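# Architecture at a glance
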Protein chains: 2
Amino acid sequence: MGIPSYAERMEHVSGSAVREILKLTQQPDMISFGGGLPSADSFPMEDLNTIINNLTENMTASMLQYGETEGYRPLREEVAKFMATKGVHTTADHVLITSGSQQGLDLVAKAFINKGDKIVVESPTYLAALQTFKMYQASFIEAPVDEEGVIPEELDCILRTEANVKLVYMIPSFQNPSGRTISAERRKALMQVIQKYDVVLIEDAPYEDLKYTDAQYPSMKSMDTTGQVLYFGSFSKTVAPGFRVGYSIAEEPILSKMIIGKQSCDLHVSIFSQMVMAEYLKRGLMPGHLKQINAEYANKRDLMLKTLDETMPKAVTWTHPEGGLFLWVELPEHMSTNNLFMKALEKKVAYVAGDSFYAAGEPHNAMRINFSNATSENIVRGVRALADVIRENM
Amino acid sequence: MGIPSYAERMEHVSGSAVREILKLTQQPDMISFGGGLPSADSFPMEDLNTIINNLTENMTASMLQYGETEGYRPLREEVAKFMATKGVHTTADHVLITSGSQQGLDLVAKAFINKGDKIVVESPTYLAALQTFKMYQASFIEAPVDEEGVIPEELDCILRTEANVKLVYMIPSFQNPSGRTISAERRKALMQVIQKYDVVLIEDAPYEDLKYTDAQYPSMKSMDTTGQVLYFGSFSKTVAPGFRVGYSIAEEPILSKMIIGKQSCDLHVSIFSQMVMAEYLKRGLMPGHLKQINAEYANKRDLMLKTLDETMPKAVTWTHPEGGLFLWVELPEHMSTNNLFMKALEKKVAYVAGDSFYAAGEPHNAMRINFSNATSENIVRGVRALADVIRENM
């Protein structure tokens with residue numbers, strides 16, 4: 001005989017479009033605006049080298065042994081200090097080290113979501129969050145947004161009228177995929193709405209430190225007086241994704257539930273990875289490094305915006321993000337970025353089609369393009385190729 | 001307002017007893033037979049040092065960048081070669097690198113288990129497997145065992161008569177917690193039973209390489225002609241748990257389902273951890289290292305058995321495992337190892353109470369003790385203290 005039937009949760013889930021594109025685009029001559037990869041030039045290779053060598057010089061058995069699920073204590077302390085520099089006052093006891101911030105999404109869904117429970121998401125939103133939440137058979141409600149982000153009155157209406165809404169998921173700063181940032185005033189208004197209901201706000205902030213503006217945006221977590229905000233951070237976009245180190249800032253009792261969930265997933269994050277990140281923070285390397293990569297990424301963003309201006313047909317529009325890694329491009333409504341995709345690949349340029357980022361699968365005329373990973377030369381060549389594909393198919 | 005209600009799956013799950021004990025027993029004067037920790041002396045520190053230094057000397061951006069969910073290709077290849085030395089002939093394409101073999105348990109449950117679906121487990125079995133499966137609201141059926149392991153006729157009866165059995169979970173070699181090994185003949189008979197039904201056999205084999213006997217036990221996976229066996233291996237017990245690198249050997253289409261599950265959990269295992277393990281295998285260090293730690297662990301097992309012989313009251317019995325990390329000790333039926341636990345802690349010795357290892361919570365008169373982590377001196381002192389506690393409370 002053979003294999004039994006799969007679980008119901010697997011029925012509506014396919015592999016991540018982005019992860020599959022990542023494979024396709026590993027062809028050496030492909031210009032990929034598809035992934036959300038940091039620039040290879042952005043990694044602080046020399047500092048990481050020094051740190052790793054110092055760690056191995058003083059290697060002890062505890063570096064190799066099992067550790068606590070919550071995370072390596074010195075890293076939890078450093079994360080708490082780092083958060084304080086961003087206006088979030090917490091302690092090591094409220095920090096859970098996760099395998100990238102992605103794991104936080106899995107753990108919070110595991111803790112709260114029964115089949116059919118509802119999650120309010122921005123429209124559009126991060127596709128791998130949708131995928132993770134779908135694994136828990138969540139239902140989605142798309143919150144209407146404008147240029148300043150989710151509209152507080154609309155969120156209030158949703159939370160007032162819909163039953164079984166457990167989570168509200170937002171990427172307030174330099175959102176994936178739209179590049180949109182929720183304004184400071186709007187953040188306060190949204191927090192007031194959240195505090196009226198029994199609901200957890202997930203503040204997913206992997207791009208928060210990639211900021212190319214002097215404008216200040218207080219994190220939602222800094223306004224959390226009721227323990228309803230769960231903050232997810234990551235070193236993947238700032239230091240290096242390969243180590244898979246992220247963190248959740250959470251209050252009790254949510255934190256304990258997430259720890260129980262993590263115990264049954266993978267026990268804990270690689271100690272070595274955690275020690276490298278702890279040491280990186282402890283040496284005070286982050287501020288200088290962020291300054292450097294933010295200058296580099298701002299240049300790339302500017303170059304991509306300039307090239308779009310120079311090459312795109314009039315009917316095409318795009319966002320002007322103040323940070324992060326992505327632009328959101330909208331084609332005329334009759335066009336489908338899915339239909340265009342293979343034609344773009346023929347011209348050796350890749351993107352992610354917009355419909356992947358919608359809980360309900362719309363709109364077909366948008367695409368997400370990444371400006372951090374490609375070289376300057378390839379940004380120009382890739383955008384030109386993309387403009388050609390769009391023009392030829394209008 | 002505050003926090004919404006938790007998911008139903010969290011209701012019957014508490015933190016892992018062993019993980020909590022791990023914390024208690026981090027007091028410096030405590031002798032812990034509780035965890036399943038490898039000996040600190042067993043880590044191949046010098047070789048790992050050399051490998052890490054060589055890796056950093058030749059550091060490239062790809063070591064720090066996002067990688068494929070399936071795992072780092074050279075490690076997948078090395079794992080396939082390593083499996084061949086154990087009679088399992090597979091290819092890199094069938095290897096999924098996981099965050100410890102623990103993650104395999106999460107991913108297979110995610111792929112198959114709907115609420116109420118049944119999993120056949122050995123009685124007793126690995127408690128963190130029970131915990132993981134409970135998160136998916138599985139029901140358990142305990143398979144009757146004798147000295148040779150699960151009884152094939154009993155398994156056949158279960159699979160013939162019970163509906164919705166999706167998985168059969170076994171640790172065929174040097175089982176956790178019992179130390180029991182399924183005989184070679186029994187393995188063949190069990191495989192024949194499995195192949196009669198639509199069911200997946202999970203062969204969890206983290207202890208397989210910790211073998212203190214010349215007896216040969218073919219892995220169940222080596223007899224898998226129908227793609228029904230999922231093999232879980234780990235470097236945690238042999239090289240170092242801190243890196244969190246394990247692997248699943250799986251056939252399609254199970255493998256693809258697990259990869260989709262892993263994408264939404266954590267994207268992939270730390271590349272650096274994977275590179276270290278790939279290099280460790282590539283340099284051919286494993287056979288010599290296993291020889292060395294197995295000699296050391298066999299000595300510790302022998303010392304623990306000898307001390308039990310010398311100190312324990314007559315009514316106490318224990319297993320004589322041919323490998324692995326654990327002995328299973330049974331006290332007279334009227335005694336409760338849970339009741340004894342705090343008294344043991346007072347005498348500075350810890351174990352795991354037997355009921356944690358039963359899906360249905362019995363028997364109360366057993367305990368699991370670990371012989372790998374304590375020093376020889378502490379094995380003697382700890383077993384003596386344990387014998388005193390038992391004698392004083394008989």
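This text gives an overview of the structure that appears in the document. These figures come from a predicted structure and were not determined experimentally.

Our next topic: the environment of A:P172. Residues and elements named next belong to chain A. Within the secondary structure, P172 is located in the loop between β7 (165–170) and α7 (184–194). Between the alpha carbons of P172 and E148 there is a distance of 9.8 Å; along the sequence they are 24 residues apart. Sequence-distant contacts of P172, defined by excluding residues within four places in its chain, comprise R180, T181, I182, R187, E203, D204 and M220.

So, on to the sheet that holds strand β15 (residues 366–370) of chain B. All names here are of chain B. The sheet built from four strands is open, its strands ordered β11-β12-β15-β14 with antiparallel pairing. With partners counted over all chains shown, the strands left at the sheet margins are β11 (317–318) and β14 (352–353), one partner each. Where β14 and β15 come together, two bridges link them in antiparallel fashion. Paired with V352 across the bridge in β15 is R368.

Moving on, we get to the interface of chain B and chain A. Listed per partner, the contact involves 90 residues of chain B and 90 residues of chain A. Summing both partners gives a buried area of about 7600 Å² for chain B against chain A, and 58% of it is carried by carbon and sulfur. Summed over the shared surface of chain B and chain A, the number is two salt bridges. Note that A:D106 is salt-bridged to B:K110, the shortest N-O span being 3.2 Å. Within the side of chain B that touches chain A, the residues separate by chemical class into 40 nonpolar, 33 polar and 17 charged.

In this section: the pairing of strand β15 (residues 366–370) of chain A. Residue and element names in this part refer to chain A. In terms of burial, β15 is largely enclosed, as five of its five residues are buried. Judged by which residues are buried, β15 turns out to be covered on both faces: A366, R368 and N370 on one side and M367 and I369 on the other are all buried. Note that strand β12 (residues 326–330) and β15 share five bridges and pair antiparallel. For V329, the partnering residue across the bridge sits in β15 and is M367.

Residues and elements named next belong to chain B. Read from one edge of the open sheet, seven strands run β2-β10-β9-β8-β7-β3-β4, paired in mixed fashion. Since the sheet does not close on itself, it has two edges, and those belong to β2 (95–98) and β4 (139–143), each with one partner. On average, each strand axis in the sheet is inclined to that of its neighbour by 20°, with strand direction left out of account. Here four bridges tie strand β7 (residues 165–170) to strand β8 (residues 200–204), and the two strands are oriented parallel to one another. In the strand pairing of β8, L167 is matched with V200. Across the face of the sheet, helix α3 (residues 73–84) comes into contact with β2, β9 (229–234) and β10 (246–249) while running at roughly 110° to β2.

Thresholds, definitions, all that
Residues numbered from 1 in each chain as written. Chains lettered and ligands numbered in written order. Predicted model: local features only at pLDDT ≥ 70, side-chain atom pairs only at ≥ 80, totals over all residues. Heavy atoms only, no water. Helix = DSSP H or I, 4+ residues; strand = E, 2+ residues; numbered from the N terminus. Contact = heavy atoms within 4.5 Å. Pairing = 2+ DSSP bridges. Buried area = accessible area lost by both parts, 1.4 Å probe. Salt bridge = Lys/Arg side-chain N within 4 Å of Asp/Glu carboxyl O. Nonpolar A, V, L, I, M, F, W, Y, C, P; charged D, E, K, R; others polar. Buried < 20%, exposed > 50% of the residue type's maximum accessible area, 1.4 Å probe, protein only. Axes fitted to C-alpha atoms, helices over the stretch in contact; angles between N-to-C directions.

Everything listed here is a matter of coordinates, which is why it stays silent on function.
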